[in-house]
Amino acid sequence: QVQLVESGGGLVQPGGSLSLSCVHSASIFTINGMGWYRQAPGKQRELVARISITGNTNYAASVKGRFTISRDNAKNTVYLRMNSLKTEDTAVYYCNLEGRERDYWGQGTQVTVSS
């Protein structure tokens, strides 16, 4: 069973920065891609950023230019660097791993942007 453990959420003021990390237990050879999703209260879960096994990235329009997804295969870790945070970025952020046969999810980490 693949496990994902997120860390790095918290409270930050508008304009501030946070970095999220997700450590997974999957073999690199079984991964198609990894991503970060978020879900705000009363809203559907949405894709924030994704990185493919070849390193291609894509971002939601609302975070493009502010967020950066990256990975360290040696550490089985994917990161999300979030800059210029806005109040509308407040949500629970989930790490996602696209396996060969199914997706896996982390438990989520709360990000709150508030003054």
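Summary of the structure given here. As the structure is a prediction and not an experimental result, all values here were calculated from the model.

Tracing the backbone shows Leu18 in strand E3 (residues 18–24). In sequence terms Leu18 and Leu85 are 67 residues apart; their C-alpha atoms lie 8.2 Å from each other. Once residues lying within four places of it in the same chain are set aside, the contact partners of Leu18 are Gly8, Gly10, Val12, Leu80, Arg81, Met82, Leu85 and Val111.

It is worth spelling out the pairing of strand E9 (residues 91–99) at this point. For E9, the tally of buried residues reaches eight of nine residues, placing the bulk of the element in the interior. Bridge count between strand E4 (residues 31–39) and E9: eight bridges; the pairing is antiparallel. Pairing of Gly33 across the sheet is with Glu98, part of E9. Direction of pairing for E9 relative to strand E11 (residues 109–113): antiparallel, over a ladder of three bridges. Following the sheet pairing, Tyr93 is matched in E11 by Thr109. Both E9 and strand E10 (residues 103–105) contribute to a ladder of three bridges, which runs antiparallel.

This part covers unusual backbone geometry. The phi torsion at Asn76 lies on the positive side, around 50°, for a residue other than glycine. Structurally, Asn76 can be placed in the loop between strand E7 (67–72) and strand E8 (77–82). On the basis of relative accessible area, Asn76 is assigned to the partly exposed category, the value being 23%. Backbone geometry at Ser84 places phi at a positive 50°, although glycine is not the residue there. Mapped onto the elements, Ser84 comes out in the loop between E8 and E9.

Turning our eyes to something else, we now look at the pattern of salt bridges. Under the criterion given, the structure shown has four salt bridges. Here Asp89 makes a salt bridge to Arg66, at a shortest N to O gap of 2.8 Å. Taken as a pair, Asp89 in the loop between E8 and E9 and Arg66 in the loop between strand E6 (57–59) and E7 lie far apart in primary sequence, 23 residues in all. Neither Asp89 nor Arg66 differs from the other in exposure class; each is buried. Members of the salt-bridge network, linked through shared partners, are Arg38, Glu46, Arg66 and Asp89.

The rules behind these values
- Residues numbered from 1 in each chain as written.
- Predicted model: local features only at pLDDT ≥ 70, side-chain atom pairs only at ≥ 80, totals over all residues.
- Heavy atoms only, no water.
- Helix = DSSP H or I, 4+ residues; strand = E, 2+ residues; numbered from the N terminus.
- Contact = heavy atoms within 4.5 Å.
- Buried < 20%, exposed > 50% of the residue type's maximum accessible area, 1.4 Å probe, protein only.
- Pairing = 2+ DSSP bridges.
- Salt bridge = Lys/Arg side-chain N within 4 Å of Asp/Glu carboxyl O.

Read these as layout, nothing more, since geometry by itself doesn't imply function.
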